[in-house]
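Residue-level structural notes
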Amino acid sequence: MLRIDLRDLIGGGLLFTLGAWFLFRSLQMHVGTSTAMGPGYYPMLAAGALIALSVIIAVSSLFRPGDVPEVSWRPLVSVCASILSFAIVMDFLGLMPAIVSTVVIAALADRRSRVLPTLLLAAGLCVAAYVLFISLLGMPMQPIKWY
Amino acid sequence: MDLLSNMALGFQTAFSPENLAYCFLGVFLGTFIGVLPGIGALAAVSMILPVTFYLSPTAALVMLAGVYYGAEYGGSIASILLNLPGTPSAAVTCLDGYPMAQQGRAGEALFMTTVASFVGGSVGIVLLMGFAPLLSQVALAFGAADYFAVMLFGLLAASAISQGTPVKGIVMVVLGVLIGCIGADLETGADRFTMGFHNLFDGVSIIALAMGLFGISEIIASIRGSQRQPPKAITFRSMLPRPGELKRSILPMARGATIGSFFGTLPGTGQTIAAFMSYAVEKKVSRTPERFGKGAVEGIMAPEAANNAAAQTAFIPTLTMGIPGAATMALMLGALMIHGITPGPMLMTSQPQLFWGLVASFWIGNVLLVILNVPLIGLWVRILTVPYHLLYPAILVLICIGVYSVNNNVFDVYLALAFGVIGYTMRVLGFEPAPLLIGFVLGPMIEENFRRAMLMARGDYLSLFDRPISATLLALCAVLVLWALYSAVRQATRRPTTEPEPAS
């Protein structure tokens, strides 16, 4: 337990930053009047509401104790890296290499993963994805890009 | 009878081989994904959504709806056997379902939830058939100001009645509205908040958003806590309830279905709240409240009936007014719009075979679920024995392919990743992602109606109070906002109780 509600303080702060960015950008657009609203009018109202609410959340968090935010870093980093690898490998090498890299990097998130089952899973998914998405559904994806 | 001829049309549509096959596939896949711990109905629907682009609109909707209530059904299996809710609304089922399983009554609990789900679902469908045509007649008289007011009310109700503090819910809705603003402006085509990414010009992809917020972030959160015991096998004989058990459950089911139907119809509030409410009510009316939490059958019957009734009645505002009754309904609306169908009061007259076919498919789907759940229960139990460290990489691959396939572009994969990080951050900080999705879908519709209403009223805000419907709803909105602010202030000043966060 902490003396202040750190989770709400961080959350309020992040939302305030986002709100400020949205407000700044919408004021740069044509705002217009309530009769003839420009593109910036409605986002301006919403961003104003976001800022007001985030201030309420952040300020009220100072007056009550709260839990320590807990982040599981290992799953977070490896899952993100695996999705990132999918996007990059998909672009350069095609679907099957992308599946293999996604599975292998994702498996690092859990300490119980073993090499052989992971590789077998990746191979199985390659076959399944080829049959399901390319053969049956006819999605326009290249299994492997040869240069 | 009008209703009879409509239902005849509906069953004709739903019994076409194509729709029947997709109904079965949807229910099957939904139960499958719902059984997997940590992956809820929202993630299930968003995973299947890209596949439905290749189908006809009716088949797409029938399948997605099947996934939706199938996942609700499947969620209760993991709750009872492993104390791991597959969907947030099934968390209530854990309270009494898991103790029953520990007492060796798992089969019985599974059978009873199937009965309760079927009864609740049936009540919900009957109400949908009765009320949807009436409501769409009323909605025809709605002007832009009324739509604006209904949607605003839906947004606020979604956030105020969700778990956690109301202010945190509302702030998520507003953030969703702002994310919905990203892309070209509806009227002028001006570029809004795209930061120079031309891929964002058509707006943020709802699939990337939903997969990130619900799929990716749920996986990150559930990897750590996945240590568990494999469940025991369930025999068919063990599923037979004790004598008198079914009869005693009639009243709890009726109460659950009533509560669920009510909360399902309210725009923005979903099954989770319905399930929690009916559990609380059951505990209050019970003559032996001390049995709750220790394996009371009423404690699973009422919430399951409520949950499934709400799952069906949530379609009422969605299909008649185009206002999502729950976060999952927001995805359904997205699917309709992708297929070029405008949801609203005209849907029932312009697309009768879609509307009534969908309703008829609910009946078929509900019967299919009973068939899937009673004889095939062994299959679902076996899925739970697959170790999670082999499941989640496969789910991640499916998510990546699904997001990629929408536009055949890796940009959406990066976008889903960004929303996954945002969703996980929200989870860690105790903010709920479901209101954000509702805000994202309703935001652009509210803007459209707001601008139209203001244009007609020459920019006079007070004109919104001229029409009785919009005036009443806006007054209710004001009450909700004041209540949210009051509870925030009260929470800040009072010495808080240290209640544990519900496991998500």
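Fair warning: this is a prediction, and the values are worked out from it, not measured in the lab. (Residues numbered from 1 in each chain as written. Chains lettered and ligands numbered in written order. Predicted model: local features only at pLDDT ≥ 70, side-chain atom pairs only at ≥ 80, totals over all residues.)

**Quick look at the overall build of chain B**
Each helix and strand in chain B was counted, giving 22 helices and 2 strands. Radius of gyration (C-alpha) of chain B: 22 Å, near the 23 Å computed for a compact globule of 504 residues. Dimensions of chain B along its principal axes, counting C-alpha atoms only, are 70 × 55 × 50 Å. In chain B, which comprises 504 residues, the proportion classed as buried is 60%. Counting contacts in chain B only where the partners sit at least 6 residues apart, residues at least 24 apart contribute 79% of the total. (Helix = DSSP H or I, 4+ residues; strand = E, 2+ residues; numbered from the N terminus. Rg over C-alpha atoms; globule rule 2.2 N^0.38 Å. Buried ≥ 20, exposed ≤ 12 C-beta atoms within 10 Å, placed from the backbone. Contact = placed C-beta atoms within 7 Å.)

**Section: the overall build of chain A**
The number of helices and strands found in chain A is 5 helices and 0 strands. Listing each helix as α and each strand as β along chain A from the N terminus yields α-α-α-α-α. Here chain A has a C-alpha radius of gyration of 24 Å; the compact-globule value for 147 residues is 15 Å, and the former is much larger. Across the 147 residues that make up chain A, the buried fraction comes to 40%. Considering only contacts in chain A between residues 6 or more positions apart, those separated by 24 or more positions represent 63%.

**Some points on the confidence of the model for chain B**
All names here are of chain B. In this model, chain B carries a mean pLDDT of 82, and residues with pLDDT of at least 70 account for 91%. Per-element confidence in chain B ranges from a low mean pLDDT of 78 for helix α10 (residues 245–248) to a high of 94 for helix α20 (residues 411–429). Note on residues 495–504: pLDDT is under 50 here. Beyond four places in sequence and across chains, it has 7 contacts. Scored by ipTM, the complex comes to 0.94, with pTM at 0.83. (pLDDT = per-residue confidence, 0-100.)

**Things to note about helix α13 (residues 298–313) of chain B**
The terminal C-alpha atoms of α13 of chain B lie 22 Å apart, and with 16 residues this matches the ideal 22 Å at 1.5 Å per residue to within 8%. Buried residues dominate α13 of chain B, accounting for 16 of its 16 residues. (Expected span 1.5 Å × (residues − 1).)

**Some words on the domain arrangement of chain A**
Assigned domains of chain A: these are domain 1 (6–63) and domain 2 (73–136). For domain 1 of chain A versus domain 2 of chain A, the distance between C-alpha centres works out to 39 Å. (Domains from an automatic or database assignment.)

**Things to note about the interface of chain A and chain B**
Listed as interface residues are 60 residues of chain A and, on the opposing side, 57 residues of chain B. Every element with two or more residues in the side of chain A that touches chain B is listed here: α1 (6–28), α2 (41–60), α3 (73–93), α4 (95–107) and α5 (115–136) of chain A. Of the residues in the side of chain A that touches chain B, the class split is 42 nonpolar, 11 polar and 7 charged. (Nonpolar A, V, L, I, M, F, W, Y, C, P; charged D, E, K, R; others polar.)

**Comments concerning the environment of G203 of chain B**
Tracing the sequence through the fold places G203 of chain B in the loop between β2 (191–192) and α9 (206–224). Taking C-alpha positions, G203 of chain B is 41 Å from R382 of chain B, a pair spaced 179 residues apart along the chain.

**Concerning the environment of F111 of chain B**
Residues and elements named next belong to chain B. Residue position: F111 is located in helix α6 (residues 106–140). C-alpha of F111 to C-alpha of C181: the two residues are 70 residues apart in sequence and 46 Å apart in space. Ignoring anything within four residues of it in the chain, the contact list for F111 reads M239, P241 and V374.

**Remarks on unusual backbone geometry**
Residues and elements named next belong to chain B. Phi is positive for M195, close to 55°, though the residue is something other than glycine. Position of M195 relative to the elements: it lies in the loop between β2 and α9. Owing to 9 C-beta atoms within 10 Å, M195 belongs among the exposed residues under this scheme. Residue N408 is not a glycine yet carries a positive backbone phi of 50°.

**As for the nonpolar core**
If you look at the biggest cluster of nonpolar residues, it comprises 222 residues, and the most contacted ones within it are I99 of chain A together with L64 and L437 of chain B. Structurally, this core is a two-domain feature, drawing no fewer than three residues from each of domain 1 (6–63) and domain 2 (73–136) of chain A. Non-local contacts of L437 of chain B, meaning those with residues more than four positions away in its chain, are made with G176, L209, A210, L213, A327 and A330 of chain B. (Core = buried A, V, L, I, M, F, W, Y, C linked by C-beta atoms within 7 Å.)

**Quick look at the packing of helix α19 (residues 388–407) of chain B against α20 of chain B**
Residue and element names in this part refer to chain B. It is at 8 Å that the axes of α19 and α20 come closest, and there the two elements cross at 135°. In this view, α19 runs oblique relative to α20, as classed from their interaxial angle. The handedness of the crossing between α19 and α20 is right-handed. Residues C400, V403, Y404, V406 and N407 of α19 form the contact with α20, whose participating residues are D412, V413 and A416. Partitioned by chemical class, the residues of the contact of α19 with α20 number 6 nonpolar, 1 polar and 1 charged. (Axes fitted to C-alpha atoms, helices over the stretch in contact; angles between N-to-C directions. Parallel < 35°, antiparallel > 145°, perpendicular 65-115°, else oblique. Left-handed = near helix turned anticlockwise from the far one by under 90°.)

**Brief notes about the packing of α6 of chain B against α13 of chain B**
All names here are of chain B. Interhelical geometry of α6 versus α13 gives an angle of 35° and a closest axis separation of 7 Å. For the crossing formed where α6 meets α13, the hand is right-handed. For the contact of α6 with α13, a count of residues per class yields 15 nonpolar, 9 polar and 1 charged.

**As for the confidence of the model for chain A**
Scored by pLDDT, chain A comes out at a mean of 90, with 99% of its residues at no less than 70. α5 of chain A is the least confidently modelled element of chain A, averaging 90 in pLDDT, while α4 of chain A averages 95, the highest of any element.

**Digging into helix α4 (residues 57–82) of chain B**
Residue and element names in this part refer to chain B. The first and last C-alpha atoms of α4 sit 37 Å apart over 26 residues, in line with the 38 Å expected at 1.5 Å per residue. Summarising burial for α4: 25 of the 26 residues are buried, a large majority. After α4 finishes, the residue N83 shows a positive phi value of roughly 65°.

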